[in-house]
Amino acid sequence: MDSRYDIQRRAGGSGFSGGSTNASPALTGAQSRRKKMPPRPADYKLQIIIIGSRGVGKTSLMERFTDDTFCEACKSTVGVDFKIKTVELRGKKIRLQIWDTAGQERFNSITSAYYRGAKGIVLVYDITKQETFEDLPKWMKMIDKYASEEAELLLVGNKLDCETDRAITRQQGERFCSRISGMRFCESSAKDNFNVDEIFHKLVDDILNKMPLEVSSKELSNSVLSLQPEPEIPPELSPPRARCC
Ligand SMILES: Nc1nc2c(ncn2[C@@H]2O[C@H](COP(=O)(O)OP(=O)(O)OP(=O)(O)O)[C@@H](O)[C@H]2O)c(=O)[nH]1
């Protein structure tokens, strides 16, 4: 086993509330005029990448989390796509840049460029498709080759709503996960919105648990603290394209 397997996991807490913005209330005595305070800037900026074989539900998980939508007949992702979502944890605003990668192997040379900056990696398989589970070692090789050793890992068995078509037991997923130090495991349904927020919140919590040692002594202020420079967004990805038919 390689260095990836030495990464130590830190237990995380909870307390997340997602996607809120702090719009100010209307000013009293000025009902005809409403003044909005500019939103408080993010304290942290983090990148998360979602990887896994074709059709496992990577885009669906991202879109469920960021927009609370689900598309029954989505087009396959070409290259990479991204969405932004701001969440709050421990009184801090965290701006998440979530990268959704194509599952098709022919895009690996493009998608691999996005691993390096990711603080968290969501590796997804489809609990109804044996081959997507068998592909997991291949994806672990990609992680070992391209991702930071510090990246938090989360294995997700998606499409839990298709229990009757299940091909991979929960125990199989847990067993795979237990062989990789620091990796967490859960099952989800993007369709039924089951465990989706939890995936991202837990991952962010784990990332932050690792980080305070670097930053807590500085007594975090409300100033923007970019722990990770945001990657250049290729022009063809800006603005994010709509994928659903
Ligand atoms: N039943 C069910 N279907 C899902 C779920 N998540 C995604 N799907 C469906 O699975 C298909 C593929 O979903 P995508 O989100 O496009 O999968 P992907 O992993 O992004 O696929 P690629 O872009 O090709 O790599 C779509 O038809 C989705 O509607 C889920 O939780 N349950």
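Residues numbered from 1 in each chain as written. Predicted model: local features only at pLDDT ≥ 70, side-chain atom pairs only at ≥ 80, totals over all residues. Heavy atoms only, no water.

In the annotation of an unreviewed UniProt entry, the entry for the protein reads Ras-related protein Rab-12, and the organism field reads Clupea harengus. Entered under Cofactor (unreviewed entry) in the UniProt record, the comment concerning the protein runs "Mg(2+)". In its Catalytic activity (unreviewed entry) section, the UniProt entry covering the protein states "GTP + H2O = GDP + phosphate + H(+)". (UniProt positions renumbered as here; feature names shortened; annotations may be inferred.)

**Remarks on helix α1 (residues 58-67)**
Most of α1 is tucked away, with nine of its ten residues classed as buried. Within α1 the residues assigned to the buried category are Lys 58, Thr 59, Ser 60, Leu 61, Met 62, Glu 63, Arg 64, Phe 65 and Thr 66. Looking at the buried residues of α1, the elements they touch are β2 (44-52), β3 (80-89), β4 (92-101), β5 (120-126), β6 (152-158) and α6 (196-210). Remark: Asp 68 follows α1 within two positions and exhibits a positive phi of approximately 55°. (Buried < 20%, exposed > 50% of the residue type's maximum accessible area, 1.4 Å probe, protein only. Helix = DSSP H or I, 4+ residues; strand = E, 2+ residues; numbered from the N terminus. Contact = heavy atoms within 4.5 Å.)

**Here we look at the site of the ligand**
The full set close to the ligand counts 24 residues, and Lys 58, Ser 60, Cys 71, Ser 76 and Asp 161 are the nearest of them. In this structure, an oxygen atom belonging to the ligand sits 3.0 Å away from a side-chain N or O atom of Lys 159. Of the residues forming the shell around the ligand, the biggest block, three residues, is contributed by α1. Split by residue class, the shell around the ligand holds seven nonpolar, ten polar and seven charged. (Near = heavy atom within 4 Å. Polar contact = N/O pair within 3.5 Å; in protein donor to acceptor, adjacent residues only side chain to side chain. Nonpolar A, V, L, I, M, F, W, Y, C, P; charged D, E, K, R; others polar.)

**A closer look at the environment of Val 78**
The topology assignment puts Val 78 in the loop between α1 and β3. In this structure the C-alpha to C-alpha distance between Val 78 and Asp 100, which are 22 residues apart in sequence, comes to 9.7 Å.

**Observations concerning the pairing of β3**
Most of β3 sits inside the fold, with eight of its ten residues counted as buried. Relative to β4, β3 runs antiparallel, the two being bridged by ten bridges. Bridge assignment links Lys 85 to a residue of β4, and that residue is Leu 96. (Pairing = 2+ DSSP bridges.)

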